[in-house]
Amino acid sequence: MGNGIASILLVALGGALGGIGRYTVSNLIAHLLGKAFPWGTLLVNASGAFIAGGLLGYYGVPTVQPVWLFAVAGLLGGYTTVSSFSLQTIELWQSGQALRAALNIAATIVLGMVMAMFGWLLAKELLL
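These numbers were taken from a predicted model, which means no experiment stands behind them.

## Quick word on the UniProt feature "transmembrane region" (unreviewed entry) in the protein
Step number 1: UniProt feature "transmembrane region" (unreviewed entry): in the numbering of this structure it lies at residues 6-25, 37-61, 67-90 and 102-123.
Step number 2: Between the C-alpha atoms that bound residues 6-25 there is a distance of 28 Å. The span itself is 100% helix and 0% strand.

Have a look at this one:
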């Protein structure tokens, strides 16, 4: 099996598992907290950012290596979701909930960046 095919399979396997994880976590959180606000998508994206930051802190600058392809390009690529975030934000806006839509945008961006940085810092601390 060529390196290109192996890379594609790693990304595909990670993406499939990440998609299952996103579906499971999002639905569980929606069941627990309701659907008035997209808490599940926010949690998925924040936790994905945390893990990505941790992997960056551990491995350094992304390279084409099996772990990075599987975990970041595949697993976290399938787990996190800009499309669901975008559609849910538009739904909030179109249903007259502009404040919730704006809160979702701000929370996703700020929490994502904070979680990525926290993951990166934690990985760096554990390496010391």
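Here the narrative resumes, following the displayed structure.
## Considering the UniProt feature "binding site: Na(+)" (unreviewed entry) in the protein
Step number 1: What UniProt calls "binding site: Na(+)" (unreviewed entry) maps, in this numbering, to Gly-77 and Thr-80. Checking the annotated residues one by one, the ones that line the second largest pocket turn out to be Thr-80.
Step number 2: Mapping Gly-77 onto the fold places it in helix H3 (residues 66-79).
Step number 3: By secondary structure assignment, the location of Thr-80 is in the loop between H3 and helix H4 (82-94).
Step number 4: For Thr-80, a relative accessible area of 24% gives the class partly exposed.
Step number 5: Here Thr-80 is in contact with Arg-22, Val-44, Asn-45 and Gly-48, once residues within four sequence places are set aside.

## Some remarks on the layout of surface pockets
Empty space left among the atoms is revealed by rolling a probe the size of a water molecule over them.
Step number 1: Looking at the largest pocket, its volume works out to about 380 Å³.
Step number 2: If you go around the largest pocket, you meet 20 residues; those closest to its centre are Lys-35, Pro-38, Thr-41, Gln-88 and Glu-91.
Step number 3: Put simply, the parts of the chain that give the lining of the largest pocket at least two residues each are helix H1 (3-33), helix H2 (39-59) and H4.
Step number 4: Residue composition of the lining of the largest pocket, by class: eight nonpolar, nine polar and three charged.
Step number 5: Looking at the second largest pocket, its volume works out to about 190 Å³.
Step number 6: As for the second largest pocket, its lining consists of Asn-45, Gly-48, Ala-49, Ala-52, Val-72, Leu-76, Thr-80, Thr-81, Val-82, Thr-108, Gly-112 and Met-113.
Step number 7: For the lining of the second largest pocket, the secondary-structure elements that each account for two or more residues are H2, H3 and helix H5 (98-127).
Step number 8: Here the element with the most residues in the lining of the second largest pocket is H2; it accounts for four residues.
Step number 9: Partitioned by chemical class, the residues of the lining of the second largest pocket number six nonpolar, six polar and no charged.

The rules behind the values
- Residues numbered from 1 in each chain as written.
- Predicted model: local features only at pLDDT ≥ 70, side-chain atom pairs only at ≥ 80, totals over all residues.
- Heavy atoms only, no water.
- UniProt positions renumbered as here; feature names shortened; annotations may be inferred.
- Helix = DSSP H or I, 4+ residues; strand = E, 2+ residues; numbered from the N terminus.
- 1 Å grid on protein atoms, 1.4 Å probe; cavity = no way out; pocket = protein on both sides within 12 Å on 5 of 7 lines; lining within 4 Å.
- Buried < 20%, exposed > 50% of the residue type's maximum accessible area, 1.4 Å probe, protein only.
- Contact = heavy atoms within 4.5 Å.
- Points joined across faces, edges and corners; volume = space filled by probe spheres on them.
- Nonpolar A, V, L, I, M, F, W, Y, C, P; charged D, E, K, R; others polar.

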